Amino acid sequence: VATGAEITRLESSPRRTNEVRFSPDGRWFAAVGRDYSVRLWNTTDWTPVGRYNGPAEPLALAFHPTLPILVSADRAEGIRFLHVPDLTLEREADINDVTWWGMTFSPDGSTLFVGTWGQTIKAIDFATGNVLAAMSGHTDGVMSVACTNDGRKLASIGTNGMVLLWDRSEEH
């Protein structure tokens, strides 16, 4: 890749792909698209290994940092926890809110942070799917969320370009 050489081309959503992610160990590659699908490939030989067709257009993806779980968030207010590599549905967290956008896990995988079109970031308990906290401050939808390696800081960006930084440490 240092040369910028193309490795392969993959068939994803025929309509549009919304997001792509590599698993933390680099073994899997996932994509979500407008055809309501979540797709997974093995990065050793780039063969498709799993596909999940959801009830709505998925917009965001996050691999759990230590477990074989891929999380998909969609326009229908649903968060789907899918088993890797077959992408079978393990469980759902249907939290009544608006469309889910960017998301990331805390480094230990205990919390999923999800940006919403409703101008908030929801901290969701991975084990239960319950909302632990809602962080407000954006004046527009939250497109992307990132967490530091120690889990103490969070960054988010709204559709208006405003970046907010959050202190998640116990001392604040």
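How each quantity is defined
Residues numbered from 1 in each chain as written. Predicted model: local features only at pLDDT ≥ 70, side-chain atom pairs only at ≥ 80, totals over all residues. Heavy atoms only, no water. 1 Å grid on protein atoms, 1.4 Å probe; cavity = no way out; pocket = protein on both sides within 12 Å on 5 of 7 lines; lining within 4 Å. Points joined across faces, edges and corners; volume = space filled by probe spheres on them. Core = buried A, V, L, I, M, F, W, Y, C linked by side-chain atoms within 4.5 Å. Buried < 20%, exposed > 50% of the residue type's maximum accessible area, 1.4 Å probe, protein only. Helix = DSSP H or I, 4+ residues; strand = E, 2+ residues; numbered from the N terminus. Polar contact = N/O pair within 3.5 Å; in protein donor to acceptor, adjacent residues only side chain to side chain. Pairing = 2+ DSSP bridges. Axes fitted to C-alpha atoms, helices over the stretch in contact; angles between N-to-C directions.

A. Up close: empty space enclosed by the protein. This structure, assessed with the given rule, holds 1 cavity of 30 Å³ or more. Counted as a void, the largest cavity has a volume near 40 Å³. Looking at the largest cavity, the residues that line it are Tyr-36, Val-38, Tyr-52, Gly-54, Pro-55, Ala-56, Pro-58, Ser-72, Asp-74 and Arg-80.

B. Layout of the nonpolar core. Grouped together as the largest cluster of nonpolar side chains are 14 residues, with contacts concentrated most on Val-71, Ile-79, Phe-81, Met-103, Phe-105, Leu-112 and Val-114. Only β5 (58-63), β6 (69-74), β7 (78-83), β9 (100-105) and β10 (111-116) provide two or more residues apiece to this core. A per-element tally of this core places β6 first, with 3 residues. Judged by nonpolar contacts, the second largest core, of 12 residues, contains Ala-30, Val-38, Leu-82 and Leu-87.

C. Expanded view of the side chain of Glu-57. The topology assignment puts Glu-57 in the loop between β4 (48-53) and β5. Looking at Glu-57, its side chain comes within polar contact range of the side chain of Asn-18, at 2.8 Å.

D. Molecular detail of the sheet that holds strand β3 (residues 37-42). Within the open sheet, the 4 strands sit side by side as β1-β2-β3-β4. Their pairing is antiparallel. Both outer strands of the open sheet, β1 (17-22) and β4, are each paired with one neighbouring strand and no more. Pairs of neighbouring strands in the sheet enclose a mean axial angle of 15°, with direction left out of account. Examined bridge by bridge, β3 and β4 share 5 bridges and lie antiparallel to one another. Paired with Leu-40 across the bridge in β4 is Gly-50.

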